[in-house]
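What follows is each chain in one-letter form.
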Amino acid sequence: MMQAVLALNTGSSSVKFALYTEKGDSCNPQLISKGEISGIPHTLSFSASGGKNEFVKHTINVLNANFENAFDYLTNWIKETFPLIELLAVGHRVVHGGSRYTQSVRIEQHILNHLESLNPLAPLHQPHNLAGIRILQKSYPMLPQIACFDTSFHKTQPYIATLFSLPKPLRDEGIRRYGFHGLSYQYISETLSELIGDRSKSRVIVAHLGHGASMCALKDQKSITTTMGFTALDGLPMGTRSGTIDPGVILYLLTEKGFSAQEVSTLLYQKSGLLGLSGISDDMRDLLISKNPQAIDAVNYFCYRIQRELGSLVASLEGIDVLVFTGGIGENSALIRQKICNAAKWLNIQIDELLNSSISPKSTIKINHSTSQVEVWVIPTDEEIIIAKDTFKLISKE
């Protein structure tokens, strides 16, 4: 038998998974298979690489396309495809750990209860993350469940960077800046160390650009500050999330426009960002090929906000040595990278346009020109392997 852990990222309509074996080294687990079950609550679609076939993809025929069916199918598929695998534990991406949990933990009932109290701070993610834990607890009560938090990586931020200018009683209740996408930033930090050695400890800014988007300033491979704050709503405009907005706009919607709190929440989380600006789509790929003026505005505003945040993060680091693009947009859109870097020439950032425009999918590559004073990298992120590493480490301590 071969021991393995399952890393899960449960979203609102899909479950991304990756199966890893330790092979005697929890610091470098080996990928066995990874894939996704999507289509909830309509028609379940399963895809995976690894196993008996290099790649498999098919529709799952079930009466109810729900998470219970998805997890049942996944665990049965693992048993059938990898009969010699012994599953040690399941590691879950959990977006918000609050002030209490600053490192990965094994789930117990009181921990799960506290994490559920944080649902309002990450309504697009947290409820679904925790639903995956509850479903597997019910089906496999003896199987350890590990929560790995997106907020944990940012625990190194200076105290001053975590503050809001609010009265102390509110700050003491936990109303502060947390930061998110920490699993991704952890992976980029570790990968940079392998790629460029000690230069990874210099002044690094990572742009995690996707349907959810944020940026993070790193020094000595630690988070110094980041664009997201109390919730995953802050900072850059995203697929459907507004990003930074004047709090007075929210007050105006409540007091003058008659919006309810729920209507404001729906507006800011689900109807704003690229979708709200363009009126067309929340997918950058659609906007980049559109001639609609609002779509063009959405693309330009996305890049403009990144340029502004880049300047702010550079100020926090007192300079920049390395810029990294990751996430679905950061990894795959040469035009977005070019627009951002062209606007950052004042930082002595120069990219090689031929390299930038000819990157193959999932490639890790340096794209700066030889004259650039800043290294510019494109690095595909891998949150699942960070989950697997933490899960192996926790299990090995028990």
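Residues numbered from 1 in each chain as written. Predicted model: local features only at pLDDT ≥ 70, side-chain atom pairs only at ≥ 80, totals over all residues. Heavy atoms only, no water.

1. Let's talk about the side chain of His125
Short version of the rule: Only runs of H or I of at least four residues qualify as helices and only runs of E of at least two qualify as strands under DSSP, and these elements are numbered from the N terminus. Throughout this description, buried means an accessible area under 20% of the type-specific maximum (1.4 Å probe, protein chains only), exposed means over 50%, and partly exposed covers the range between. In what follows, residue pairs with any heavy atoms lying within 4.5 Å of each other are defined as contacts.
Checked against the element boundaries, His125 lands in the loop between helix 2 (109–117) and helix 3 (126–139). With a relative accessible area of 19%, His125 lands in the buried category. Once you skip the residues sitting within four places of it in the chain, His125 turns out to touch Arg93, Val95 and Arg241.

2. Details of the pairing of strand 4 (residues 44–50)
We apply this condition: What makes two strands pair is DSSP finding at least two bridges between them.
Burial of strand 4 is extensive: five of the seven residues sit out of reach of the surface. Here strand 3 (residues 30–38) pairs with strand 4 via six bridges, running antiparallel. Among the inter-strand pairings, Ser33 is bridged to a residue of strand 4, identified as Gly50. Where strand 3 folds back on strand 4, the antiparallel hairpin that results is connected by five residues, among which Gly39 adopts a positive phi of roughly 100°.

3. Description of the layout of surface pockets
Using the following cut-off: Think of a 1 Å grid over the protein atoms and nothing else: a 1.4 Å probe that fits but is trapped marks a cavity, an open set flanked by protein within 12 Å on at least five of seven lines marks a pocket, and residues with an atom within 4 Å of a point count as lining. Grid points are joined across faces, edges and corners, and a volume is the space filled by probe spheres set on the points. Throughout this entry, Asp, Glu, Lys and Arg are counted as charged residues, while Ala, Val, Leu, Ile, Met, Phe, Trp, Tyr, Cys and Pro are counted as nonpolar. The remaining residues, Gly among them, count as polar.
Here the second largest pocket is characterised by a volume of approximately 800 Å³. Forming the walls of the second largest pocket are 22 residues, and the residues nearest its centre are Phe230, Thr231, Leu233, Pro247 and Ile250. Considering every element that reaches the lining of the second largest pocket, the biggest residue donor is helix 7 (residues 261–270), with five residues. Here the residues of the lining of the second largest pocket are counted per class, giving 15 nonpolar, six polar and one charged.

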